[in-house]
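The primary structure of each chain is shown beneath.
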Amino acid sequence: MKKRRKRKKRKTFLVLFLLFCGLAWFQSYFQKQSSPPLVKHDSFTAVKKYIPYIHDELAKYHLEEHTPVLIALMQQESHGLGGDPMQASESAGLTKNTITDPKQSIQAGVKHFQHVLAYGTQQKVDFPTIIQAYNMGAGYIDYVAQHGGKHSEELAKQFSLLQVKQKPTVYNCGGDKNNFRYPYCYGDFSYSTKVSKNIQLLVDTVPVTNSEKTPSGSF
């Protein structure tokens, strides 16, 4: 009798256990069905609205295939915010943030890019050097051309220090020694690396057509 009772208890326990597991599975399943899908944050949202303007401005120079590059540049410069999203005032010979019209900023930024691209091609430097030159100016292209023709953060640091020595009171990171750039306070020696990462991130957020693909070997 005792054995039968034990068997009945085991069967009852097993049935209750299976019933509990079944209810738990159904609850989990329906919670997943009713839960809204997770929305991945798109850090390029503000920049994307300028894609048509960037593309059309580049087309004036027959450089529209570089549209993703300019989008990545803008992302690095401003995340698409402000009146000068390409941060092109200084490259246009103006004081910082003089430009307050995004379209004018794009025009100046594309013109600056076209200039460093043409000069970099002439000097036979690699594409990362051209990207770094958007930040440091065409003088960086000359420096890299004299040191092997290929960009590296070490070369960018060396070039930055040369500019700092010429104008130490201007290029001093605002006196902030905790600034990641210090003492390389002219430009951002990691600029080309950051833009390259932006381009890779952009591939996941913007469908790039054949006419807008970054040229092979760019990075």
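Everything discussed here concerns the structure shown above.
Rules used in this analysis
Residues numbered from 1 in each chain as written. Predicted model: local features only at pLDDT ≥ 70, side-chain atom pairs only at ≥ 80, totals over all residues. Heavy atoms only, no water. 1 Å grid on protein atoms, 1.4 Å probe; cavity = no way out; pocket = protein on both sides within 12 Å on 5 of 7 lines; lining within 4 Å. Points joined across faces, edges and corners; volume = space filled by probe spheres on them. Helix = DSSP H or I, 4+ residues; strand = E, 2+ residues; numbered from the N terminus. Nonpolar A, V, L, I, M, F, W, Y, C, P; charged D, E, K, R; others polar. Salt bridge = Lys/Arg side-chain N within 4 Å of Asp/Glu carboxyl O. Buried < 20%, exposed > 50% of the residue type's maximum accessible area, 1.4 Å probe, protein only. Axes fitted to C-alpha atoms, helices over the stretch in contact; angles between N-to-C directions. Parallel < 35°, antiparallel > 145°, perpendicular 65-115°, else oblique. Left-handed = near helix turned anticlockwise from the far one by under 90°. Contact = heavy atoms within 4.5 Å. Phe/Tyr/Trp six-rings, centres within 6.5 Å; stacked < 30°, edge-to-face > 60°. Lys NZ or Arg CZ within 6 Å of the ring centre and 35° of its normal.

A. Expanded view of the layout of surface pockets. Looking at the largest pocket, its volume works out to about 700 Å³. Residue lining of the largest pocket: 23 residues in total, with Gln 87, Glu 90, Lys 96, Asn 135 and Gly 187 positioned closest to the centre. Looking at which element gives the most residues to the lining of the largest pocket, the answer is helix α6 (residues 127-136), with four residues. Residues belonging to the lining of the largest pocket are distributed by class as follows: nine nonpolar, nine polar and five charged.

B. Highlighting the pattern of salt bridges. With the rule as written, the count across this model stands at three salt bridges. For Lys 194, the salt bridge is made with Asp 188, and the minimal N-O distance between the two is 2.9 Å. A relative accessible area of 9% means that Asp 188 is categorised as buried.

C. Structural view of the packing of helix α3 (residues 51-59) against helix α5 (residues 102-122). The contact between α3 and α5 brings their axes to 10 Å, and the two run at 45°. Here α3 is positioned oblique relative to α5, judged by the angle of their axes. The two elements α3 and α5 cross, and the hand of that crossing is right-handed. Across from Tyr 53, Ile 54, Glu 57 and Leu 58 in α3, the residues of α5 making contact are Lys 103, Ile 106, Gln 107, Val 110 and Phe 113.

D. View of the environment of Tyr 134. Tracing the backbone through its elements, the reader meets Tyr 134 in helix α6. Taking the relative accessible area as the measure of exposure, Tyr 134 reaches 6% and is therefore buried. Spatially, the C-alpha atoms of Tyr 134 and Val 116 are 6.8 Å apart, while their sequence positions differ by 18 residues. For Tyr 134, the contacting residues outside a window of four places in its chain are Leu 73, Glu 77, Met 86, Ala 88, Gly 109, His 112, Phe 113 and Tyr 191.

E. Local environment of the packing of aromatic side chains. Going through the model one piece at a time under the given rule, you end up with six aromatic pairs. Here a set of aromatic residues connected by ring pairs shows up, and it is made of Tyr 140, Tyr 143, Phe 159, Tyr 171 and Tyr 186. In this structure, Lys 157 packs its charged tip against the face of Phe 189, placed 4.9 Å from the ring centre.

Read these as geometric descriptors, not functional statements.
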